[in-house]
Structures are given as C-alpha cells and as structure tokens.
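For reference, the chains in residue letters:
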Amino acid sequence: MKYNKSSKKYLLIFDFDQTIVDEDSEYEQVKMALSEEEYNKMIEMDYYDGFNYYFKRLKEKGLTLKDLHSILEKLELSPKMKELFSYLSKNKSKYDIIILSSYIDYSIKHILKAHGFLDLFDDFLCNRAEMKNNKSQQLLYVPRDQFPHKCDICNPSQCKSCELEKYLNKKNKKYEKILFVCDGSNDFCPTKKILKKGDIVFPRAEHSLIKLLSKKNVKNEITCEIFPWKNADEIITKLKEL
C-alpha cells in the first residue's frame, strides 16, 4: 500500500459499547421495547433480522424515535471519558478520530450528540441504520447489504479488520501510530491483523479483550504495545507521552 506523505498524525480509534459508554447500550436500547421472550427471540436471529424485528416491535408498541432518544440520552460515558474527549478537542490537530463498532451508527451519533462530543469524530465505521417513512411514522431499518465478509474470527455482523482496512485504503495516509481504545473480544481481530509494532491497543481493564491478551499463546500473536486502562484519564497520560 502506498501512502501520501503528511505531517505527523495519529489515528485514534474508539470502540463504543463498554468503552465510550459504560454500559451495553445496544441492550439498553433493545430492552426498552422487548419483553425477555422477545429479546431471546431477537438474539437468535442474525444482526439484520434481529434489529429490524426490534424496530418493527418498537413501532407496533406505539413507541417513537423520541422514546428511543430518551433512553439513549440517559446512558453515561465511562469514567473520565469526558475529560479524555475534552483533552482531544484541544489537541484535535494531532489526531484523526473514528468510531469502530458493530453497534448501529444512528444510536451512537445520538448518544455522542447528547453529550456534546459528536463533532470530535471524523468517521463512523459502524453498522448502518437508515430512515424510511412508514405512513405518518418514521421507522429505522438496517440494510443487509453491509454485512458480508470472510473473516473467520469475527461475528457475521461486522469484521472490524475489514472495515478498518477499507478506511485506511480510502484515507491513503501514513499515520505515525494507530491507537485503538476498546474492550471486547471482538476487538481482537484488528488488534492482531492491523496494529503493528509501534501502534498501541488500549484494552479496558477487567473486560474480555485484556483477559484474552493475557493468555501467553495469544499475547505472542500481538506485535503492538498493550496499555490497559481503567479510567480514561490514564489514556490522557499515555497520549501526552507520544
């Protein structure tokens, strides 16, 4: 891959659920409209059918996007994440900042907007939800055309390495480092395949990715630096060292 020469810049990537927000926002969103039986039915479906089933039930129960928004706006950011975002806002010229998440972009953007940080992010590599009009009511739906990939590590709804590789090819830019703030086992794929020596993965302490990376046979597959974090101000300290 050939890159355009550019001034020193870092690509800073954030996962969303249990990284930027402290909870599983996808579950918090879904349980608003679904009973336990309906939720169990949804998770047996693929991502496309599951979320479209959810949006259909939302409408059938008379719930609107305004009701959805009220749930999303209650979700809290992870400890010290506001401080990290404020630091990045003051130093934005050093970073391209993106979201890499299997959660739907509509909900992610609404949550970030509610906290005043939507404009901090340059791009969203997420599953896409689109709006369509259904008589007098707007209805979200998730188009199936975005999902196919051939990765044997990731779940069918998204391969984070595939999405990140497409993004890097599109940007055609050589970054000083790639920095990946994340938490879950589905973040292992880009950590292994995309991040190289000199890059840094920031797995959240006591979550599934750091537990996976702590296994000797797995850690040997990783060439980037591993910097666990509990509160996001620890990430600020590391960024200041670069």
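Scroll up a little and you will see the structure.
Notes on the structure in this doc start here. (Residues numbered from 1 in each chain as written. Predicted model: local features only at pLDDT ≥ 70, side-chain atom pairs only at ≥ 80, totals over all residues. Heavy atoms only, no water.)

**Quick word on the pattern of salt bridges**
Part 1 of the argument: Within the structure shown, the criterion is met by 14 salt bridges.
Part 2 of the argument: Salt-bridge contacts for Lys-192 lead to Glu-221; the nearest nitrogen and oxygen are separated by 2.9 Å. Taken as a pair, Lys-192 in helix α8 (residues 188-193) and Glu-221 in the loop between α10 (216-219) and β8 (225-226) lie far apart in primary sequence, 29 residues in all.
Part 3 of the argument: Here Lys-192 falls in the partly exposed class, since its relative accessible area comes to 33%. (Salt bridge = Lys/Arg side-chain N within 4 Å of Asp/Glu carboxyl O. Helix = DSSP H or I, 4+ residues; strand = E, 2+ residues; numbered from the N terminus. Buried < 20%, exposed > 50% of the residue type's maximum accessible area, 1.4 Å probe, protein only.)

**As for helix α4 (residues 65-72)**
Part 1 of the argument: Along α4, the residues classified as buried are Leu-65, Leu-68, His-69 and Leu-72. For α4, the angular spread of the buried residues around the axis is 100°, confining them to a single face. (Arc of directions from axis to C-beta.)

**What about the side chain of Ser-25?**
Part 1 of the argument: Summarising the element assignment, Ser-25 is placed in helix α1 (residues 25-31).
Part 2 of the argument: Accessibility expressed as a relative area gives 0% for Ser-25, which makes it buried.
Part 3 of the argument: Apart from the residues lying within four places of it in its own chain, the contact partners of Ser-25 are Phe-16, Asp-17, Leu-75, Tyr-103 and Ile-111. (Contact = heavy atoms within 4.5 Å.)

**Thoughts on unusual backbone geometry**
Part 1 of the argument: Phi angles above zero are rare outside glycine, and Gln-18 is one such case at about 60°.
Part 2 of the argument: Among the secondary structure elements, Gln-18 is positioned in the loop between β1 (10-14) and α1.
Part 3 of the argument: Unusually for a residue other than glycine, Lys-80 sits at a positive phi of about 70°.
Part 4 of the argument: As for its placement among the helices and strands, Lys-80 is situated in the loop between α4 and α5 (81-90).
Part 5 of the argument: Overall, the relative accessible area of 39% leaves Lys-80 in the partly exposed class.

**A word on the environment of Phe-117**
Part 1 of the argument: Looking at the secondary structure, you find Phe-117 in the loop between α6 (105-115) and β3 (123-127).
Part 2 of the argument: C-alpha of Phe-117 to C-alpha of Ser-89: the two residues are 28 residues apart in sequence and 8.7 Å apart in space.
Part 3 of the argument: Residue contacts for Phe-117: discarding those within four places in its chain leaves Leu-77, Lys-82, Phe-85, Ser-86 and Leu-112.

**Some details on the nonpolar core**
Part 1 of the argument: Of all hydrophobic cores here, the largest spans 50 residues; its most connected members are Phe-14, Ile-20, Phe-85 and Leu-88.
Part 2 of the argument: If near-sequence neighbours (up to four positions away) are discounted, Phe-85 is found in contact with Phe-14, Ile-20, Leu-77, Leu-112, Phe-117, Leu-120 and Phe-121.
Part 3 of the argument: In this structure, Leu-168, Tyr-175, Phe-180 and Ile-194 belong to the second largest nonpolar core, which totals 21 residues. (Core = buried A, V, L, I, M, F, W, Y, C linked by side-chain atoms within 4.5 Å.)

**Looking at the packing of α4 against α6**
Part 1 of the argument: As a packed pair, α4 and α6 sit with axes 9 Å apart at the nearest point and diverge in direction by 60°. Relative to α6, the element α4 lies oblique. The crossing of α4 and α6 is right-handed. Listed contacts from α6 to Leu-65, Leu-68, His-69 and Leu-72 of α4 are Tyr-106, Ser-107, His-110 and Ile-111.
Part 2 of the argument: Of the residues belonging to the contact of α4 with α6, the class tally is five nonpolar, three polar and no charged. (Axes fitted to C-alpha atoms, helices over the stretch in contact; angles between N-to-C directions. Parallel < 35°, antiparallel > 145°, perpendicular 65-115°, else oblique. Left-handed = near helix turned anticlockwise from the far one by under 90°. Nonpolar A, V, L, I, M, F, W, Y, C, P; charged D, E, K, R; others polar.)

**Observations regarding the environment of Phe-227**
Part 1 of the argument: Looking at the element boundaries, Phe-227 is found in the loop between β8 and α11 (233-241).
Part 2 of the argument: Phe-227 sits 22 residues away from Ala-205 along the chain, and the two C-alpha atoms are 9.4 Å apart.
Part 3 of the argument: Residues in contact with Phe-227, not counting those within four places in the same chain, are Ile-200, Val-201, Phe-202, Pro-203, Glu-234 and Lys-238.

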